[in-house]
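Listed below are the residues making up each chain.
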Amino acid sequence: MVPTPTALPGPVDAIARDTDFSGVVSITRNRETLGAAAYGVADRPGAIPNRLGTRFGIASGAKGFTALAVMRLVETGRLDCSTTARSILGTDLPLVDDAVTVEHLLTHTSGIGDYIDDGDFAAWSLAVTPDRLDSTDAYLPALDGHAQRRAPGIEFEYCNGAFVVLALIAQRVAGVPFTALVDDLVVAPAGLTATGFLRLDGLPPDAAIGYLDDGRANVAHLPVLGSGDGGIFTTVADIARLWTACAAGAVVSAATFTEMLRPHVDAPEESSRYGLGFWLDATRAIAGLEGCDAGVSFRSRFEPATGVVATVVSNTSDGAWPVARAVAEYLDA
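Below is a summary of the structure that appears in this document. Being a predicted model, the structure only gives us computed values, none of them experimental.

What counts, and where the lines are drawn
Residues numbered from 1 in each chain as written. Predicted model: local features only at pLDDT ≥ 70, side-chain atom pairs only at ≥ 80, totals over all residues. Heavy atoms only, no water. Helix = DSSP H or I, 4+ residues; strand = E, 2+ residues; numbered from the N terminus. Contact = heavy atoms within 4.5 Å. Pairing = 2+ DSSP bridges. Axes fitted to C-alpha atoms, helices over the stretch in contact; angles between N-to-C directions. Buried < 20%, exposed > 50% of the residue type's maximum accessible area, 1.4 Å probe, protein only. Core = buried A, V, L, I, M, F, W, Y, C linked by side-chain atoms within 4.5 Å. Parallel < 35°, antiparallel > 145°, perpendicular 65-115°, else oblique. Nonpolar A, V, L, I, M, F, W, Y, C, P; charged D, E, K, R; others polar. Salt bridge = Lys/Arg side-chain N within 4 Å of Asp/Glu carboxyl O. Polar contact = N/O pair within 3.5 Å; in protein donor to acceptor, adjacent residues only side chain to side chain. Expected span 1.5 Å × (residues − 1).

## A few points about the environment of glycine 196
- In this fold, glycine 196 is placed in strand β6 (residues 196-197).
- Expressed as a C-alpha distance, the spacing of glycine 196 and threonine 179, which sit 17 residues apart in the sequence, is 7.6 Å.
- Ignoring sequence-local partners within four residues, the contact set of glycine 196 consists of Asp183, Gly231, Ile232 and Phe233.

So, in structure tokens, the structure goes:
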């Protein structure tokens, strides 16, 4: 169900307009819309405006979906947080330390070498070009050849590759392609109606095209089909629905979701903490998902005690950040 346009707090709307924001903002409490508005365009050549029901890429916001799928497999006994990556990978990715576990991967403490530097949107000097990254298995050559950076379990170091490795593990254990597995284990039980992995070279009319700072579309800069570290498209309504469903125990059990939102490691460089696939505020019980990539910026925060969800998503590389800060200032006032 698409939310009804509802006036946003004045300071949030002012920042969105002053920064030429392109995207959607939504604030809800227990699924009641407190404020929602769309700005800018989803397709510049076609002059198609963004709408509240427009689907946006959320980049690393997909890591939360990956973590939920993995924990569903843990709950059903097909995986354990102590399962080693090596026990599933076999001889693939031999540079991954034999001691790396599912929990290490979920908490960014695996210490494995990353296949792409975080935030380096254009640095696709990989063994596989983005247009050929069309399945999770296709990422194997890109993931290979990166030396272990440190022993597992030592400290937090954000790692995109860790979540692709989790996707490989999940699909091998389940015997289902990872993108379909997320549909089965997360999207369907959460009741999401407009969420899934979409090919960048064939976006449907209701999906926003991502744009670089120079005005080019992002199709040549990202994998044509995402995996465990990014690539899901969704709406602000579905994100609100996801948080609510998770809190209600509809995706994983309430106890498992509580464990996923428990601080597992400090992330001092980010002035934050991290659970299992979710960002956590440094001092307060606030969880978050965040994504940033070429033509994509996204931040969603959830307050379990109040049921408040605030989501800002943009089809530009950094458009969401000023608006997300304004939303946070309003909610924290």
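Resuming the write-up.
## What about the sheet that holds strand β13 (residues 308-314)?
- Judged by pairing direction, the sheet is antiparallel, and its 8 strands sit side by side in the order β2-β1-β13-β12-β11-β10-β9-β8 without closing on themselves. If you trace the sheet from one side to the other, it starts and ends with β2 (32-39) and β8 (265-267), each paired once. Neighbour-to-neighbour, the strand axes of the sheet open up by a mean angle of 20°, direction not taken into account.
- For strand β11 (residues 287-293) and strand β12 (residues 296-303), the ladder comprises 7 bridges, and the chain directions are antiparallel. Its bridge partner lying in β12, glutamate 290 is registered against arginine 299.

## Here we look at unusual backbone geometry
- At aspartate 20, a residue that is not glycine, the phi angle is positive and equals roughly 55°.
- We classify aspartate 20 as exposed; its relative accessible area is 69%.
- Even without glycine at this site, alanine 59 takes up a positive phi of about 50°.
- Following the sequence through the fold, alanine 59 ends up in the loop between β5 (56-57) and α2 (62-75).
- Exposure remark for alanine 59: the relative accessible area of 9% places this residue in the buried category.

## With respect to the sheet that holds strand β7 (residues 232-234)
- Reading across from one edge, β5-β7-β6 is the order of the 3 strands in this open sheet, with antiparallel pairing throughout. Both edges of this open sheet fall to β5 and β6, since each of them pairs with a single strand only.
- For β6 and β7, the ladder comprises 2 bridges, and the chain directions are antiparallel. Note on β7: the bridge partner recorded for glycine 196 is phenylalanine 233.

## Considering the nonpolar core
- Core analysis: the biggest nonpolar cluster contains 85 residues, and Leu68 and Phe257 have the highest contact counts within it.
- Among the elements that take part in this core, helix α6 (residues 160-174) stands out by supplying 10 residues, more than any other.
- Discounting residues that sit within four places of it in the chain, phenylalanine 257 has contacts with Leu68, Trp243, Cys246, Ala247, Val252, Phe278 and Phe302.
- With 17 residues, the next largest nonpolar core counts Leu8, Ile27, Ala320 and Ala324 among its residues.

## Structural notes on the packing of α2 against helix α7 (residues 178-190)
- Their axes nearest at 9 Å, the elements α2 and α7 cross at an angle of 85°. With respect to α7, the axis of α2 lies roughly perpendicular. Here Phe65, Thr66, Leu68, Ala69, Arg72 and Leu73 of α2 come into contact with α7, specifically with Phe178, Leu181, Val182, Leu185, Val186 and Pro189.
- Taken together, the residues that form the contact of α2 with α7 break down as 10 nonpolar, 1 polar and 1 charged.

## Some thoughts on the pattern of salt bridges
- Using the criterion set out here, one finds 16 salt bridges in the structure.
- Its salt-bridge partner being glutamate 155, residue arginine 150 comes within 4.0 Å of it at the nearest N-O pair.
- On the basis of relative accessibility, which here comes to 26%, the residue arginine 150 falls in the partly exposed class.
- The exposure class assigned to glutamate 155 is partly exposed, which follows from its relative accessible area of 40%.
- Arginine 241 is paired through a salt bridge with aspartate 238; the nearest N and O atoms lie 2.5 Å apart. Of this pair, arginine 241 and aspartate 238 both sit in helix α8 (residues 236-247), 3 residues apart, which is roughly one turn of that helix.
- We classify arginine 241 as buried; its relative accessible area is 9%.

## A word on the side chain of glutamine 171
- Looking at the secondary structure, you find glutamine 171 in helix α6.
- Looking at glutamine 171, its side chain comes within polar contact range of the main-chain nitrogen of phenylalanine 178, at 2.9 Å.
- Beyond its immediate chain neighbours, meaning those up to four positions away, glutamine 171 contacts Thr136, Asp137, Val176, Pro177, Phe178 and Leu181.

## Observations concerning α6
- Across its 15 residues, α6 extends 22 Å between first and last C-alpha, which sits within 8% of the 21 Å expected from 1.5 Å per residue.
- Judged by how many residues are buried, α6 sits mostly within the fold: 13 of 15 residues are covered.
- Positioned one or two residues after α6, glycine 175 has a phi angle of 70°, which is positive.

## As for the pairing of strand β1 (residues 23-29)
- With 6 of its 7 residues buried, β1 lies for the most part within the structure.
- Direction of pairing for β1 relative to β2: antiparallel, over a ladder of 7 bridges. Paired with isoleucine 27 across the strands is glycine 35, a residue of β2.
- Joining the antiparallel neighbours β1 and β2 is a turn of 2 residues, in which asparagine 30 adopts a positive phi near 50°.
- Note: β1 against β13, 7 bridges, orientation antiparallel. Looking across to β13, one finds that valine 24 is bridged to valine 313.

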